[in-house]
Amino acid sequence: MPYITSQNAAITADRNWLISKQYDSRWSPSERTRLKEISKRYKVSWNGNTRRVPWNSLLERVDIIPGSMVATMAAAESGWGTSKLARSNNNLFGMKCAKGRCNNAPGKVKGYSQFESVKDSVNAYVVNLNTHPAYKSFRKSRAQLRKADQEVTASTMIHKLKGYSTQGQRYNNYLFAMYQDNQRLIAAHM
C-alpha cells in the first residue's frame, strides 16, 4: 500500500501542476522541460508549442488508479503475493513481457515481466493502465467521472477495466466481489 500511495501522490502532484498551467501563456524553460518529461512518461506526443498542448490527452492519462483497486488486483493476480510469479519476478499483476523484450534470468518465470522490487511492479502496472492502448476506455471512463466532478473510486473503476483478462466481465465481477469482501482489510493498510 505505501507504494500505491506514493505513486498516486506523485501522479496527483503532476496532475495538479498540469491543471494549474492549463491557462498560462508564459512558460519558463523549467516548466517546458517538466511538461516535456510528463508528456514523454505518459506517451503523449507534444511538439513543444505551449499554445498547442494536448491538455485532454494529458489529463486523461495523468491520473490516479484507486489504491484499493491496485491492492485488489495485486491480491487477485498474485494469490495474495504467494504465486511463483510474485515471489520469483516481483510481478504482482501477471504482466507479460513485450514481444522480444523478455530476458528472464534463471529461476524467473519465463514470458512474464520481472521487476527489481514490488515497488517497480506497482509503478509498471500504473504506467500500463495510464498509457497502454488496451486501456483507453478505462481512461476515458475515468476522465468522464472527473468531468462530472465525481470521485474516482475502486468500486467504480473496477467495472471500467476492459481487456485486462480474457475472462472479460466475469473477471471484473470476480475482482469486485474480492474488493467488497476485503474492503476493511485493504483500508486498514492504506
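Residues numbered from 1 in each chain as written. Predicted model: local features only at pLDDT ≥ 70, side-chain atom pairs only at ≥ 80, totals over all residues. Heavy atoms only, no water.

Draft legend 1. Highlighting helix α1 (residues 2–21). Look at α1: 29 Å from first C-alpha to last across 20 residues, which is about the 28 Å you get at 1.5 Å a residue. For α1, the complete set of buried residues consists of Ile4, Gln7, Asn8, Ile11, Asp14, Arg15, Trp17, Leu18 and Lys21. For α1, the elements touching its buried residues are α2 (29–41), α3 (55–61), α4 (67–78), α6 (118–131) and α7 (136–147). (Helix = DSSP H or I, 4+ residues; strand = E, 2+ residues; numbered from the N terminus. Expected span 1.5 Å × (residues − 1). Buried < 20%, exposed > 50% of the residue type's maximum accessible area, 1.4 Å probe, protein only. Contact = heavy atoms within 4.5 Å.)

Draft legend 2. Examining unusual backbone geometry more closely. In this structure, Trp80 is a non-glycine residue whose phi angle is positive, near 60°. Tracing the backbone through its elements, the reader meets Trp80 in the loop between α4 and α5 (84–89). Residue class for Trp80 comes out partly exposed when judged on its relative accessible area of 49%. Unlike most non-glycine residues, Asp149 shows phi in positive territory, near 60°. Along the chain, Asp149 turns up in the loop between α7 and α8 (154–158).

Draft legend 3. Quick look at α7. If you check α7, its first and last C-alpha atoms are 16 Å apart, about what twelve residues at 1.5 Å a residue would give, namely 16 Å. Residues Phe138, Arg139, Ser141, Arg142, Ala143 and Leu145 constitute the buried set of α7. Turning to α7, the residues buried within the fold contact α3, α4, α6 and α8. Where α7 ends, the next residue or the one after it, Asp149, has phi of about 60°, a positive value.

Draft legend 4. Up close: the packing of aromatic side chains. One pass over the structure, following the stated rule, counts five aromatic pairs. Ring-pair connections join several aromatic residues into one group, and the members of that group are Trp17, Trp27 and Trp55. Directly above the aromatic system of Trp27 lies the positively charged group of Lys21, at a separation of 4.7 Å from the ring centroid. (Phe/Tyr/Trp six-rings, centres within 6.5 Å; stacked < 30°, edge-to-face > 60°. Lys NZ or Arg CZ within 6 Å of the ring centre and 35° of its normal.)

Draft legend 5. Structural view of the side chain of Thr72. Along the polypeptide, Thr72 turns up in helix α4. Given the relative accessible area of 1%, Thr72 is considered buried.

Draft legend 6. A look at the pattern of salt bridges. According to the stated counting rule, one finds eight salt bridges in the structure shown. Arg34 is the partner of Asp14 in a salt bridge, and the nearest nitrogen-oxygen pair spans 3.0 Å. Of this pair, Asp14 sits in helix α1 while Arg34 sits in helix α2, and the two are 20 residues apart along the sequence. You can call Asp14 buried: its relative accessible area is 9%. Residue classification places Arg34 among the partly exposed positions, given a relative accessible area of 28%. Its salt-bridge partner being Lys21, residue Asp24 comes within 2.7 Å of it at the nearest N-O pair. Taken together, the shared-partner salt bridges in this structure form one network comprising Arg15, Asp63, Arg142 and Arg146. (Salt bridge = Lys/Arg side-chain N within 4 Å of Asp/Glu carboxyl O.)

Draft legend 7. Examining the environment of Leu85 more closely. Considering the arrangement of structural elements, one finds Leu85 in helix α5. Ignoring any residue separated from it by four or fewer positions in sequence, one finds Leu85 in contact with Asn90, Asn91, Gly94, Val109 and Tyr112.

Draft legend 8. View of the packing of α1 against α6. Direction vectors running N to C along α1 and α6 enclose 45°, while the axes themselves pass 9 Å from each other. Between α1 and α6, the interaxial angle falls into the category oblique. The way α1 lies across α6 gives a crossing that is right-handed. Contacts from Tyr3, Ile4, Gln7 and Ile11 of α1 reach α6 at Val118, Lys119, Val122, Asn123, Val126 and Asn130. Taken together, the residues of the contact of α1 with α6 break down into six nonpolar, three polar and one charged. (Axes fitted to C-alpha atoms, helices over the stretch in contact; angles between N-to-C directions. Parallel < 35°, antiparallel > 145°, perpendicular 65-115°, else oblique. Left-handed = near helix turned anticlockwise from the far one by under 90°. Nonpolar A, V, L, I, M, F, W, Y, C, P; charged D, E, K, R; others polar.)

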